[in-house]
Amino acid sequence: MKRALFPGSFDPITNGHYDIIMRGIKLFDEVIIAIGVNADKKYMFTVAERLVFIEEAFKNIEKIKVVTYEGLTTDFCKKVDAQFILRGLRNPADFEFEKAIAHTNRKLSKIETVFLLTAARTSFISSSIVRDVIRNHGDYAQLVPDSVRVK
């Protein structure tokens, strides 16, 4: 079974993430969406909220699992028997950042990173932009899956 881990903070999940995941399930037998937990980071949404957002967005897709994890991504890949890390690239800056991580991950393990370019229609979206729109009471509905709702 070809299993890929799609790690991130998903604070919140965006339509860009959604697009990469939906394209990823065409390449892999299973995609595990792994919400990274970092106690030192300040999030807008709790882990429980992010879990619900993602589970709801993909509730009818059997090839997708949603989990949380702490620690090194490569260690978690080994734990869940994921042979690949799936990542999305929006721009050249993303590529340079992700390339360094991919090289490090391959040095630490035999896990390969697979990059997918984001769709042009979502390439401008980032979780930090979405958080800024939400904080300023803007209309964020076009930027996130329907499951993302702010109270």
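Residues numbered from 1 in each chain as written. Predicted model: local features only at pLDDT ≥ 70, side-chain atom pairs only at ≥ 80, totals over all residues. Heavy atoms only, no water.

Per an unreviewed UniProt entry, the protein is named Phosphopantetheine adenylyltransferase, and its organism is Subsaximicrobium wynnwilliamsii. Looking at the protein in UniProt, the text filed under Subcellular location (unreviewed entry) is "Cytoplasm". What the UniProt record of the protein gives under Subunit (unreviewed entry) is the line "Homohexamer." (UniProt positions renumbered as here; feature names shortened; annotations may be inferred.)

A.B. asks: I keep staring at the sheet that holds strand S1 (residues 3-8) and nothing clicks. Help me out?
C.D. replies: Pairing is parallel across the open sheet formed by five strands, whose spatial order is S3-S2-S1-S4-S5. Either end of the sheet is taken by a strand with one partner, and the two such strands are strand S3 (64-69) and strand S5 (112-117). Shown here is a sheet whose adjacent strand axes are inclined to one another by a mean of 30°, direction ignored. Both strand S4 (residues 84-89) and S5 contribute to a ladder of six bridges, which runs parallel. Within S5, the residue paired with Arg-87 across the bridge is Phe-115. Contacts from helix H3 (residues 73-80) reach S1, strand S2 (30-36), S3 and S4, with the element oriented near 145° to S1. (Pairing = 2+ DSSP bridges. Helix = DSSP H or I, 4+ residues; strand = E, 2+ residues; numbered from the N terminus. Axes fitted to C-alpha atoms, helices over the stretch in contact; angles between N-to-C directions. Contact = heavy atoms within 4.5 Å.)

A.B. asks: I tried to follow the pattern of salt bridges on my own but got confused; where do I start?
C.D. replies: Pairing of side chains with opposite charge becomes possible as their charged atoms draw close. Throughout the structure, instances matching the rule amount to eleven salt bridges. Put simply, Glu-30 and Arg-3 hold a salt bridge, and the shortest N to O gap is 2.4 Å. A residue pair is termed long-range when its members are at least 10 positions apart, and Glu-30 in strand S2 and Arg-3 in strand S1 qualify at 27 residues. The pair Glu-30 / Arg-3 is uniform in exposure class, with both members buried. Through salt bridges with shared partners, a single ionic network connects Arg-3, Glu-30, Lys-65 and Asp-81. (Salt bridge = Lys/Arg side-chain N within 4 Å of Asp/Glu carboxyl O. Buried < 20%, exposed > 50% of the residue type's maximum accessible area, 1.4 Å probe, protein only.)

A.B. asks: Would you explain the packing of aromatic side chains in this entry?
C.D. replies: Applying the stated criterion across every chain, the model contains six aromatic pairs. Seen from their ring centres, Phe-95 and Phe-115 are 6.4 Å apart, and the 65° between their planes marks the pair as edge-to-face. Taken as a pair, Phe-95 in helix H4 (residues 92-108) and Phe-115 in strand S5 lie far apart in primary sequence, 20 residues in all. Classification of Phe-95 by relative accessible area gives partly exposed; the value is 34%. You can call Phe-115 partly exposed: its relative accessible area is 28%. Positioned above the aromatic ring of Tyr-43, the side-chain terminus of Arg-50 is 3.9 Å from the ring centre. (Phe/Tyr/Trp six-rings, centres within 6.5 Å; stacked < 30°, edge-to-face > 60°. Lys NZ or Arg CZ within 6 Å of the ring centre and 35° of its normal.)

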